[in-house]
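Chains, contacts and geometry: an overview
Here is what each chain is made of, one letter per residue.
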Amino acid sequence: MTRSSHGVVFDFDAFTEARKAMETTGAKHPLGFAVAARPVVTEDFGFLFGALQEDETNLLPTDRATRDGLIELGESMRDAGKDSDSRDSHIPAAYTYFGQFLDHDITLELESGKLVDLTSEDLAPLSAKLIDEGLENARRATLDLDNVYGIGAPRDKTKMMLGIVSQSGDRPPNKDDENDLPRRPRNSSNLKEDREALIGDPRNDENLVVAQMHVAFLRAHNRLIDQGKKFQVAQRTLRRHYQHIVLHDFLKRIVDPRIVDDLIENGNRIYDPEGEHFFMPLEFSVAAYRFGHSMIRSSYNHNLNFPEATLNELFMFTAFSGQMAEFDTVPENWIIEWENLVPGFGEFDKARRIDTKLVEPLSELKDFDGSTLSPVMKSLAVRNLLRGYLLRMPTGQAVARELRRKLSGFRHVPILKAQEIKAGAASQRQVKVLEKGGFLNHTPLWFYILAEAATRGDGQRLGPVGGTIVAEVLVGLIRRSENSILRMDSWEPTLPAENPGEFTLNDLLRFAGVLS
């Protein structure tokens, strides 16, 4: 009954069919919840550094050797070792999945999977014109919790519907019944609808941790309603506190806080979110924001029943990419204990360092039916690199040079030399692959950003190039958002918080009643 493998790109025909179905049947169609809560619209993708497209020396060479070299590079990023303190960052593991939740709020690219076969031996970049005119973002690229409030998310008057966990025994302490996403019933005749989550974006049922994050946001909304707030007021309140978490908690953990504060105080310098042509930058969605893939652990202390829950197990107890085992909803013994993934409660799981290696399970992805994928498609790192090549990502060095030019007089942006790229490599094998492919001086942007984080950020945060792109786009999108806290003269959190005047992910989880 699996609907997706990790990292899948939605099929364009299925999406357009869903759009038509939504206009007449709303959430009835199985993909009907994959778009915005308002009338179904798509927005553009575009290049943040469009001028770099005019000179092909800023891009990777277009030939079979480049394609083969990228596959070899992706394969070299596989880390067969187990999670350990030496591989940990200081970032609490929950932020990996908050970042994924955020990604599903702002970006969903549909068409490139239809335009070309990523596994083709003759893979070549799409034309800049085709990318500019043909790619669409199926999410509204603002931080407004579109994935929570979107079409398909059922409500009971002003409250968001939640799912009731199945009885299994061994429920973690202090957990109630409403700890699953709302789901359709079993449906053996239509496996796409079988126990499908009814939420604003189906990808939030991709793994159990992000699904439980989504549950927390639904519960937080409902608590605001219980306090007497009208639906629109509760929605606005939750959106603004969510934006505050992104700006002052999440972003400042993964990016130099000085960059974030500068953008908040002085405005965007690279990305103009309020220009006449609004678009989602491909350098962000295809490269920079995929840093989170390197932060994924191979196992998590999910709760007292499963102190070493594997990625495969966390995929299993979903309907989007798993089987749900024999249960109609998430079994109660799999309710997450967030205390194990956030600070403040003793030992907690940490995200892996931001660097040039990904845990082994991400090199062994499965197909829809659970079977092994082709050598190209089974590796998330290979997919990322080929996708960047397909969508004409400039090299990391070209982007660094352009950022240095644009930010001259504000801050210095270093350009990694070949020796620093080597220093950021995960192994000697990876160094040899970089040398063989000519990637030391013409480095794929995604890999460059990971190597930069490893060398310039000690694996603890993004470096100057990756951090600038991520911060510019997220701050810009918040600035453009309808209920933006950056468009107000002064806004401070109003919900209960451990530290007055702040509001963190811990505070959100505690307000939702899923954290002690």
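Small disclaimer: the values here were computed from a predicted structure and weren't measured.

**Description of the overall build of the protein chain**
Along the protein chain, the regular secondary structure elements total 18 helices and 11 strands. Against the 2.2 N^0.38 benchmark of 24 Å for 516 residues, the protein chain shows a C-alpha radius of gyration of 22 Å, consistent with a compact globule. If you line up the protein chain on its principal axes, its C-alpha atoms span 55 × 55 × 50 Å. Within the protein chain, residue pairs in contact and separated by at least 24 positions form 78% of the contacts whose partners lie at least 6 positions apart. Of the accessible surface of the protein chain, which amounts to about 19900 Å², a share of 47% is contributed by carbon and sulfur atoms. Computed over 63 positive and 77 negative side-chain charges, the separation of the two mean positions in the protein chain equals 1 Å.

**What about the packing of helix H3 (residues 94–106) against helix H8 (residues 231–254)?**
It is the contact of H3 with H8, at a shortest axis distance of 11 Å, that shows an interaxial angle of 130°. Between H3 and H8, the crossing angle belongs to the class labelled oblique. Handedness of the H3/H8 crossing: left-handed. Contacts from Tyr 95, Phe 98, Gly 99, Phe 101, Leu 102 and Asp 105 of H3 reach H8 at Tyr 242, Ile 245, Val 246, Asp 249, Phe 250 and Arg 253. Its residues placed into classes, the contact of H3 with H8 shows eight nonpolar, one polar and three charged.

**A look at unusual backbone geometry**
Positive phi is not limited to glycine here, since Leu 145 has a value of about 60°. Its place among the elements puts Leu 145 in the loop between strand S4 (136–137) and helix H6 (146–149). The buried category is assigned to Leu 145, whose relative accessible area is 0%. One non-glycine residue with positive phi stands out, namely Lys 157, at about 65°. By secondary structure assignment, the location of Lys 157 is in the loop between strand S5 (155–156) and strand S6 (159–160). On the accessibility criterion, Lys 157 (75% relative accessible area) is exposed.

**As for the environment of Ser 89**
Considering the arrangement of structural elements, one finds Ser 89 in strand S3 (residues 88–92). Remark: the alpha-carbon pair of Ser 89 and Asp 458, spanning 369 residues in sequence, is separated by 8.9 Å.

**Regarding the pairing of strand S1 (residues 43–46)**
Looking at chain direction, S1 and S4 are connected through two bridges and run antiparallel. Counted as the bridge partner of Asp 44 is Glu 136 from S4. As defined by bridge partners, S1 adjoins strand S7 (residues 279–281) across three bridges and the pair is classed as parallel. Across the sheet, Asp 44 pairs through a bridge with Phe 279, a residue of S7.

**A short note on the environment of Arg 140**
By secondary structure assignment, the location of Arg 140 is in the loop between S4 and H6. Linking Arg 140 and Met 280, residues 140 residues apart in sequence, is a C-alpha distance of 9.6 Å. Within the local environment of Arg 140, its side chain forms a polar contact with the side chain of Asp 144, the two groups lying 2.6 Å apart.

**Details of the confidence of the model for the protein chain**
When pLDDT is averaged along the protein chain, the result is 89; 90% of the residues meet or exceed 70. Ignoring residues within four places in sequence, the model shows residues 6–40, a span with pLDDT below 50, making 94 contacts including any to other chains.

**Here we look at the pairing of S3**
Where a strand is regular, its side chains alternate between the two sheet faces. The buried fraction of S3 amounts to four of the five residues, a majority that puts the element mostly inside the structure. Summarising the sheet, S3 and strand S10 (residues 350–352) pair through two bridges and their orientation is antiparallel. Following the sheet pairing, Asp 88 is matched in S10 by Arg 352.

**Description of the packing of aromatic side chains**
Applying the stated criterion across every chain, the model contains 12 aromatic pairs. Between the aromatic rings of Phe 217 and Tyr 242, the centroid separation amounts to 5.7 Å while the plane-to-plane angle is 85°, which identifies the pairing as edge-to-face. With a gap of 25 residues between them, Phe 217 in helix H7 (residues 208–226) and Tyr 242 in helix H8 connect regions that are remote in the sequence. Each member of the pair, Phe 217 together with Tyr 242, is buried. Connected via pairs of aromatic rings, a cluster forms that spans Phe 98, Phe 101, Phe 217, Tyr 242 and Phe 250. Of note, Arg 269 hangs over the ring of Phe 410, and the distance from its end group to the ring centre comes to 3.9 Å. The aromatic ring of Phe 348 is capped on one face by Lys 350, whose charged end is 4.5 Å from the ring centroid.

**Comments concerning the pattern of salt bridges**
Applying the stated criterion across every chain, the model contains 36 salt bridges. The salt bridge partner of Asp 79 is Arg 352, with a shortest N-O separation of 2.7 Å. Linking Asp 79 in strand S2 (residues 78–79) with Arg 352 in strand S10, this pair joins segments that are 273 residues apart in sequence. Among the residues examined, Asp 79 registers a relative accessible area of 7% and is labelled buried. A salt bridge links Arg 269 to Asp 262, with the nearest nitrogen and oxygen atoms 2.7 Å apart. Among the charged side chains, a network of salt bridges with common partners joins Arg 64, Arg 67, Asp 68 and Glu 121.

**Side note on helix H15 (residues 428–437)**
Every buried residue belonging to H15 is among Gln 430, Val 431, Val 433 and Leu 434, and all of these are buried. The buried residues of H15 occupy one face: seen down the axis, they fall within an arc of 160°. Of the exposed residues in H15, the ones pointing more than 90 degrees away from its buried face are Gln 428, Lys 432 and Lys 436. On the buried face of H15, the contacting elements are helix H2 (64–76), helix H14 (418–423) and helix H16 (445–456).

The rules behind the values
Residues numbered from 1 in each chain as written. Predicted model: local features only at pLDDT ≥ 70, side-chain atom pairs only at ≥ 80, totals over all residues. Heavy atoms only, no water. Helix = DSSP H or I, 4+ residues; strand = E, 2+ residues; numbered from the N terminus. Rg over C-alpha atoms; globule rule 2.2 N^0.38 Å. Contact = heavy atoms within 4.5 Å. Areas by Shrake-Rupley, 256 points an atom, 1.4 Å probe, with all protein chains shown as cover. Lys, Arg positive; Asp, Glu negative; His and termini not counted. Charge placed at Lys NZ, Arg CZ, Asp CG, Glu CD. Axes fitted to C-alpha atoms, helices over the stretch in contact; angles between N-to-C directions. Parallel < 35°, antiparallel > 145°, perpendicular 65-115°, else oblique. Left-handed = near helix turned anticlockwise from the far one by under 90°. Nonpolar A, V, L, I, M, F, W, Y, C, P; charged D, E, K, R; others polar. Buried < 20%, exposed > 50% of the residue type's maximum accessible area, 1.4 Å probe, protein only. Pairing = 2+ DSSP bridges. Polar contact = N/O pair within 3.5 Å; in protein donor to acceptor, adjacent residues only side chain to side chain. pLDDT = per-residue confidence, 0-100. Phe/Tyr/Trp six-rings, centres within 6.5 Å; stacked < 30°, edge-to-face > 60°. Lys NZ or Arg CZ within 6 Å of the ring centre and 35° of its normal. Salt bridge = Lys/Arg side-chain N within 4 Å of Asp/Glu carboxyl O. Arc of directions from axis to C-beta.

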